Structure formats: structure tokens, C-alpha cells
Amino acid sequence: MHLKPVFAANWKLNHTPTDARSFLQRFLALTPRQQDRTIVLCPSAITLTTVTDGLRDRPDIWVGVQNVHSEAQGAYTGENSVLMARDVGARVVLVGHSERRHVFGETDAMMTKKCALVAQARLTPILCVGETLEERESGAAATVVERQLAAGIAEMDDTQVGAMMLAYEPVWAIGTGKTATPEDASDIHGVLRRALAERIGEKAAAGVPILYGGSVNRGNASTLLSSPDVDGLLVGGASLDPDGWSSIVRSSATSTE
Ligand code: 13P
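Description of the structure in this document. (Residues numbered from 1 in each chain as written. Predicted model: local features only at pLDDT ≥ 70, side-chain atom pairs only at ≥ 80, totals over all residues. Heavy atoms only, no water.)

1. A few points about the site of the ligand
Among the 13 residues in the neighbourhood of the ligand, the closest are listed as Lys12, His97, Gly175, Ser215 and Gly237. Within the side chain of histidine 97, one N or O atom sits 2.7 Å away from an oxygen atom of the ligand. Starting from 310 Å² of accessible surface for the ligand in isolation, the protein chains cover 95%. Taking a 2 Å distance to the grid points as the criterion, the majority of the atoms of the ligand fall inside the second largest pocket. Residue composition of the shell around the ligand, by class: four nonpolar, seven polar and two charged. (Near = heavy atom within 4 Å. Polar contact = N/O pair within 3.5 Å; in protein donor to acceptor, adjacent residues only side chain to side chain. Areas by Shrake-Rupley, 256 points an atom, 1.4 Å probe, with all protein chains shown as cover. 1 Å grid on protein atoms, 1.4 Å probe; cavity = no way out; pocket = protein on both sides within 12 Å on 5 of 7 lines; lining within 4 Å. Sits in = over half its atoms within 2 Å of the grid points. Nonpolar A, V, L, I, M, F, W, Y, C, P; charged D, E, K, R; others polar.)

So this is what it looks like as C-alpha cells:
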């Protein structure tokens, strides 16, 4: 791994503002400033300003949102916009998380619009891609992630693509305790890197962090980070506990490529 590693927490529908305050108190006490890595916290939209307030003295830690609507504003009751996210200090936006795709029925066409909108707002999209178990067993994993990536970057210009992040999260590994092997993760990360290189050239593609997500914990974080083309981790369940998350964000690759 040669990029500055990225450790992103996706809190999903967990942690009220009150929970977030106690989380930060403990997490910040355990986690000194990190120059050589990027840490991102993605709370719910309601909890977000509590988190940005709590991080006023820690600009080394970024905040992100878990989703935005595909339009910048309008009559879309219940949604959150990219402009709102930027206004409250978010720097990144998760786009196309598998729960958005599979629980809320979001489509590749929506990812095209969302990624473009997020990039135009000068926020960093983390485009999430990943195959289901059925797709993996039928040998379609690479085709599926290539299709999802192509849709995500379809309306972004090359500079915007070079400034985004990707997350490979196999659906069968999310919240199940089943982690992709480091080899499986590297294979798909390699597929994504090559697809990026075809679009923006090898040098620019090498600068796009590709995170792995799916049952990451403090026991497997270092091994995953040591795998070729794995530039960071996107963590759900194991990011909720401040002690565990602090240990994950301080982990290093066990060997270098
Ligand atoms: P878990 O780490 O709980 O498997 O969730 C992964 C995920 O979906 C992060 O976005």
C-alpha cells in the first residue's frame, strides 16, 4: 500500500447525538493526531453537527454523510442534500452503499447523478460497490463492480474521478462476520484500479484510494491493509465502540507490497 490509508467509519442508523458525545470523549482521548492517515466518521445526518462540534480541535478527522439525495434541492420530504452536507462541514459522502441499493432500491442511474452532484459540490464521493453472494458464486463479481463503477463515474470529469474514493464492500460480507480473504479483496481492488486506469490513466488511478469494507474488525484490519491495492477500510459495526475503532485507525499494514 503506497497511499495515505483511509479509515472510514459508517455508523449507519446508530449513535444518537448523546451517544456521539460520549464516543468522541473516549475516542479522542485514545487517538492522538494522525498525520500519516485519514480518519473519517460518517454519523447519521441528525448526529452530524454534534460530531463536527466535537471535532473543532481535531481538523485531522474528517466527517462525512452516509447518503444524499440525487437532486440538490426541492420537494423531497425526508431527504438530505449535498449542499446541506457541505454547509455543516461534511467533506465526504458515501454513495451507493449496498444498504441503499438493496434495502432502499437505489439504482446505478441514481449513482451516476449522485456522484456527479457530490463532486460538483467539491465534496469527495466514496462510491461503494460490491456483489451479492449469488453474483459471486456465478462468477460475476468483477462484472458487477465494473458496471457499478462505470455508472458512478459516467458524468464526472477525469479530474473529479481522480479525486474520488472507492469502497469495495461485498454484500455477503457486510454485518455477517464473513470477511473477504485478503486475496479476494485484492483481486477486486485490482479490477477497479484497472477500470479507473482505462478512464483516467494509470498514474491518476494509482492515486484513488480503494477501501475494503465488510466485517472488518481490529483482528483483521492489519492483514487486509497489507493486501495489494487495499488503501483503507470502511467499517460498520466495529466502528461503533471508541476503543475498538481507535485500535483499528491506529493499525498499520503488517508488510509492504
Ligand atoms: P460491517 O463492518 O458491520 O460489516 O459493515 C460494513 C459496512 O457496510 C460499512 O459501510
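The discussion continues.
2. Considering the environment of arginine 136
Note on placement: arginine 136 falls in helix α6 (residues 133-137). For arginine 136, a relative accessible area of 24% corresponds to the partly exposed category. Sequence-wise, arginine 136 and glutamate 71 are 65 residues apart; in three dimensions their C-alpha atoms are separated by 32 Å. Filtering out sequence-adjacent residues up to four positions away, arginine 136 remains in contact with Glu131, Ala141, Tyr168, Trp172, Asp184 and Ile188. (Helix = DSSP H or I, 4+ residues; strand = E, 2+ residues; numbered from the N terminus. Buried < 20%, exposed > 50% of the residue type's maximum accessible area, 1.4 Å probe, protein only. Contact = heavy atoms within 4.5 Å.)

3. Details of the sheet that holds strand β3 (residues 61-65)
Taken together, eight strands build a closed barrel; the order of strands is β1-β2-β3-β4-β5-β6-β7-β8 and the barrel is parallel. Here the strands of the sheet are splayed against their neighbours by 25° on average, with no regard to which way each runs. In this sheet, strand β5 (residues 124-129) lies alongside strand β4 (residues 92-95) in parallel orientation, the contact comprising four bridges. Bridged to valine 92 within β5 is threonine 124. Running over the sheet, helix α7 (residues 141-153) touches β5 and β6 (165-168) and is turned about 155° from β5. (Pairing = 2+ DSSP bridges. Axes fitted to C-alpha atoms, helices over the stretch in contact; angles between N-to-C directions.)

4. Some remarks on the side chain of histidine 189
Positionally, histidine 189 belongs in helix α9 (residues 182-200). A residue is classified by how much of its surface remains accessible, and histidine 189, at 0% relative accessible area, is buried. Beyond its immediate sequence surroundings of up to four residues, histidine 189 is in contact with Tyr168, Ile210, Leu211, Tyr212, Asp229 and Val230.

5. Focus: the pattern of salt bridges
The tally for this structure, following the rule as stated, stands at 15 salt bridges. Here arginine 37 ties to aspartate 36 by a salt bridge, and the two come within 3.0 Å at their closest N and O atoms. The salt bridge partner of aspartate 108 is arginine 101, with a shortest N-O separation of 3.0 Å. For the pair aspartate 108 and arginine 101, one class covers both residues: buried. When salt bridges that share partners are traced, they join Arg100, Glu106 and Lys114 into one network. (Salt bridge = Lys/Arg side-chain N within 4 Å of Asp/Glu carboxyl O.)

6. Notes on the pairing of strand β8 (residues 232-235)
The two faces of β8 match: Gly232 and Leu234 on one face and Leu233 and Val235 on the other face are all buried. Sheet topology places strand β7 (residues 210-213) next to β8; three bridges connect them, and they run parallel. Bridged to tyrosine 212 within β8 is leucine 233.

7. Focus on the packing of aromatic side chains
Within this structure, the stated rule accounts for three aromatic pairs. When the centroid spacing of 4.8 Å and the interplanar angle of 70° are considered together, the rings of tryptophan 11 and phenylalanine 23 count as edge-to-face. With tryptophan 11 in the loop between β1 (6-10) and α1 (17-30) and phenylalanine 23 in helix α1, this residue pair connects regions lying twelve residues apart in the sequence. The class of phenylalanine 23 is buried, set by a relative accessible area of 2%. Against the face of tryptophan 62 rests arginine 91, its NZ or CZ located 3.8 Å from the ring centre. The ring of phenylalanine 104 has arginine 100 lying over it, and the distance from NZ or CZ to the ring centre is 4.1 Å. (Phe/Tyr/Trp six-rings, centres within 6.5 Å; stacked < 30°, edge-to-face > 60°. Lys NZ or Arg CZ within 6 Å of the ring centre and 35° of its normal.)

8. Regarding the pairing of β4
Because side chains alternate across β4, one face comprises the buried residues Val92 and Leu94, and the other comprises Val93 and Val95, equally buried. Across two bridges, the pairing between β3 and β4 is parallel. Looking across to β4, one finds that valine 65 is bridged to valine 93.

9. Some points on the nonpolar core
Membership of the largest hydrophobic core comes to 64 residues, with the highest contact counts inside it found for Leu41, Leu127, Leu166, Leu192, Tyr212, Leu233 and Trp245. Looking at which element gives the most residues to this core, the answer is α9, with seven residues. Filtering out sequence-adjacent residues up to four positions away, leucine 233 remains in contact with Val6, Phe7, Ala8, Leu211, Tyr212, Val216, Ala221, Leu224, Leu225 and Ile248. Counting 13 residues, the second largest nonpolar core, distinct from the first, contains Cys42, Trp62, Val92 and Cys128. (Core = buried A, V, L, I, M, F, W, Y, C linked by side-chain atoms within 4.5 Å.)

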